[in-house]
Amino acid sequence: MEQNISELVLAGSMKPTNLPSEILEKITDKFLTDRLIGEGGFGTVYKGVCRNWNVAVKRIKSSMKIDQKIFLREVDSLMEVNHPNVVQFLGFCSHTVETQMKNPESKRYIFSQIRERLVCFEYITNGSLDTKITDEFRGLDWDKRYQIIQMDVKPANILLDNKMMPKITDFGLSRPTGIHKP
Ligand SMILES: Nc1ncnc2c1ncn2[C@@H]1O[C@H](COP(=O)(O)OP(=O)(O)OP(=O)(O)O)[C@@H](O)[C@H]1O
């Protein structure tokens, strides 16, 4: 994929799609510690700088043994979501990385393959709701409002943009439910 097409995808001007790992490495400065935004249970989030805008790149932990079919099904669901109160999914990358390690005893190399999975989202500037509210505001009926079952709704998964607009993130355990009937 050409670099300018990837940039259009990362700008949200094209439908979310599969992105080359080189582009995601480039915009995160090879996942430099300086670009680290934070770490969750499933992955580490880095700030990606793409020309004059930012994106959030979540690198799913290699220790997470996720079935590829399930991963692609989740990505497929994410691609269908487009709502002002949902952090916009921009693209993904799933590829195999070859690693090698020297066995100190036999002095021979052991080769293995690690599945690298990356998911990109719009970058939200103002942090998460848990840092701004008290416990009494928990338990909002997001599933009814947005026809999505988000299995991990918590203020930490609601980010606030520069206008303090709330946006749900972390759809790793969510799925579309079709039309909501009240
Ligand atoms: N799109 C985004 N823009 C800006 N910051 C983000 C974005 N997505 C996540 N973050 C921040 O990155 C950090 C890690 O997020 P992540 O979703 O991985 O963790 P979590 O929600 O704390 O944990 P878990 O995945 O276990 O629920 C958090 O501080 C979160 O606010």
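Look above for the structure.
Residues numbered from 1 in each chain as written. Predicted model: local features only at pLDDT ≥ 70, side-chain atom pairs only at ≥ 80, totals over all residues. Heavy atoms only, no water.

A look at the pairing of strand E5 (residues 89-102)
Here is step 1: As paired elements, strand E1 (residues 17-18) and E5 share two bridges and run parallel to each other. Among the inter-strand pairings, Asn-18 is bridged to a residue of E5, identified as Phe-92.
Here is step 2: The pairing of E5 with strand E6 (residues 109-122) spans 13 bridges and is antiparallel. Following the sheet pairing, Lys-102 is matched in E6 by Tyr-109.
Here is step 3: A loop of six residues connects E5 with E6, the two strands running antiparallel in sequence, and Lys-107 in this loop sits at a positive phi of about 65 degrees. (Pairing = 2+ DSSP bridges. Helix = DSSP H or I, 4+ residues; strand = E, 2+ residues; numbered from the N terminus.)

A few points about the pattern of salt bridges
Here is step 1: Here the structure, examined in full by the defined rule, presents six salt bridges.
Here is step 2: Salt-bridge contacts for Glu-7 lead to Arg-51; the nearest nitrogen and oxygen are separated by 2.6 Å. Taken as a pair, Glu-7 in helix H1 (residues 3-10) and Arg-51 in the loop between strand E3 (43-50) and strand E4 (53-60) lie far apart in primary sequence, 44 residues in all.
Here is step 3: Asp-29 is the salt-bridge partner of Arg-35, the closest N and O atoms lying 3.9 Å from each other. (Salt bridge = Lys/Arg side-chain N within 4 Å of Asp/Glu carboxyl O.)

What to know about unusual backbone geometry
Here is step 1: A positive phi angle, close to 55 degrees, is found at Asp-29, a residue other than glycine.
Here is step 2: The topology assignment puts Asp-29 in the loop between helix H2 (21-27) and strand E2 (36-39).
Here is step 3: A positive phi angle, close to 55 degrees, is found at Lys-30, a residue other than glycine.
Here is step 4: Considering the arrangement of structural elements, one finds Lys-30 in the loop between H2 and E2.

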